[in-house]
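Structural overview
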Amino acid sequence: MSKEPDYDKIVNRLKVVFQKNGVKEESGFPFFQKAKPEDLECLLRVYDFFSYWTSVYLNNELNCIKEWVIPEHIIDFYKNYEPCQQPMTEAGISLCNLERIKEENSCSVLLKYKLLIIATSIGGNPVCLDFNQMKNDNPAVIIIDNADIPPFEEIEEYYSEYEDIEEFIHTISTSFTDFLWKYSADEYDDFEDMFLDEDE
């Protein structure tokens, strides 16, 4: 793909995939919509938003993400094409809308590691933007098995840094844009089969 993501084309490709899979877009129930400005706050002000709403971390425990800024092109995607009423594709995931992004990340320990949940698999495993792996202002897209996510009480002593959980990270794509391009053509097989079954 070109450096400038063609979100119009990506969205249209996904609509074709959904229809081929037997799910038609209905009036009043769009697959994508323009986001409400207030719903974008979780992406525009990551630290301020989640340090207030988190049910996991206390006091200054999220100071490590204070300088975290989501790239503008990702903001643009959610601003103009917020996923909603999303059926699953062959990848076995559904993209989260902004409300779900708030909910998933507010109760997850992964924020500390600059991992932002944007989708979940059939088995409820988080698919995240990984801002530790950046390529041309594009974060990688990863999946992590819920069983490998460290419990909160062990984080400070054993898993305080991203490097401490890196072995559990499975990279799906090295960039968000490339991920959306392949995802919109239904080119991925089931993520759990591809990336997580190898752990068993």
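Before reading on, note that the structure itself is shown above.
In this text the structure is predicted, and so the values were computed from the model without any measurement.

1. Points about the nonpolar core
- The biggest cluster of nonpolar side chains holds 65 residues, and the ones touching the most others in it are Tyr-78, Phe-176, Phe-179 and Phe-191.
- Excluding residues within four positions of it along the chain, Phe-191 makes contact with Ala-91, Ile-93, Val-127, Ile-143, Ile-172, Phe-179 and Leu-196.

2. Quick notes on the sheet that holds strand β5 (residues 126–135)
- Strand order in the open sheet formed by 5 strands is β3-β4-β5-β6-β7, and the pairing between neighbours is antiparallel. Edge strands, defined here as strands with exactly one partner in the open sheet, are β3 (93–95) and β7 (170–173). Direction aside, neighbouring strands of the sheet carry axes that sit 45 degrees apart on average.
- Two strands pair when backbone bridges link them, and strand β6 (residues 138–143) and β7 are joined in this way by 3 bridges, in the antiparallel orientation. Paired with Val-141 across the bridge in β7 is Ser-173.

3. So, helix α1 (residues 7–20)
- The end-to-end C-alpha separation of α1 is 20 Å, in line with the 20 Å expected for 14 residues at 1.5 Å each.
- For α1, the set of buried residues is Tyr-7, Ile-10, Val-11, Leu-14, Val-17 and Phe-18. Down the axis of α1, the sector holding all buried residues measures 120 degrees, keeping them to one side.
- Considering only its buried residues, α1 is in contact with β1 (32–33), α4 (72–80) and α7 (176–183).
- Following α1 by one or two positions, Gly-22 has its phi on the positive side, about 90 degrees.

4. Remarks on unusual backbone geometry
- The phi torsion at Gln-85 lies on the positive side, around 50 degrees, for a residue other than glycine.
- Within the fold, Gln-85 resides in the loop between β2 (82–83) and β3.
- Overall, the relative accessible area of 47% leaves Gln-85 in the partly exposed class.
- For Asn-136, which is not a glycine, the phi torsion comes out positive at approximately 50 degrees.
- By the secondary structure assignment, Asn-136 is in the loop between β5 and β6.

5. Observations regarding the pattern of salt bridges
- For the structure shown, the criterion picks out 7 salt bridges.
- One salt bridge connects Asp-39 with Lys-102, and the closest N-O pair in it is separated by 3.0 Å. Taken together, the residues Asp-39 in the loop between β1 and α2 (41–44) and Lys-102 in helix α5 (residues 98–106) connect sequence positions 63 residues apart.
- Residue classification places Lys-102 among the buried positions, given a relative accessible area of 11%.
- For Glu-41, the salt bridge goes to Arg-45, with nearest N and O atoms at 2.9 Å.
- Exposure remark for Arg-45: the relative accessible area of 40% places this residue in the partly exposed category.

6. Comments concerning the pairing of strand β4 (residues 115–121)
- Counting buried positions along β4 yields 7 of 7 residues, so the element is predominantly enclosed.
- Alignment of β3 against β4, held across 3 bridges, turns out to be antiparallel. Considered in β4, the bridge of Ser-94 is made with Thr-120.
- Inspection of the sheet shows β4 paired to β5 by 5 bridges, in the antiparallel sense. Residue Ala-119 lies in a different strand from β5, and its bridge partner there is Val-127.

Scoring rules and cut-offs
Residues numbered from 1 in each chain as written. Predicted model: local features only at pLDDT ≥ 70, side-chain atom pairs only at ≥ 80, totals over all residues. Heavy atoms only, no water. Core = buried A, V, L, I, M, F, W, Y, C linked by side-chain atoms within 4.5 Å. Buried < 20%, exposed > 50% of the residue type's maximum accessible area, 1.4 Å probe, protein only. Contact = heavy atoms within 4.5 Å. Pairing = 2+ DSSP bridges. Helix = DSSP H or I, 4+ residues; strand = E, 2+ residues; numbered from the N terminus. Axes fitted to C-alpha atoms, helices over the stretch in contact; angles between N-to-C directions. Expected span 1.5 Å × (residues − 1). Arc of directions from axis to C-beta. Salt bridge = Lys/Arg side-chain N within 4 Å of Asp/Glu carboxyl O.

Don't take any of this as a statement about function, it's just geometry.
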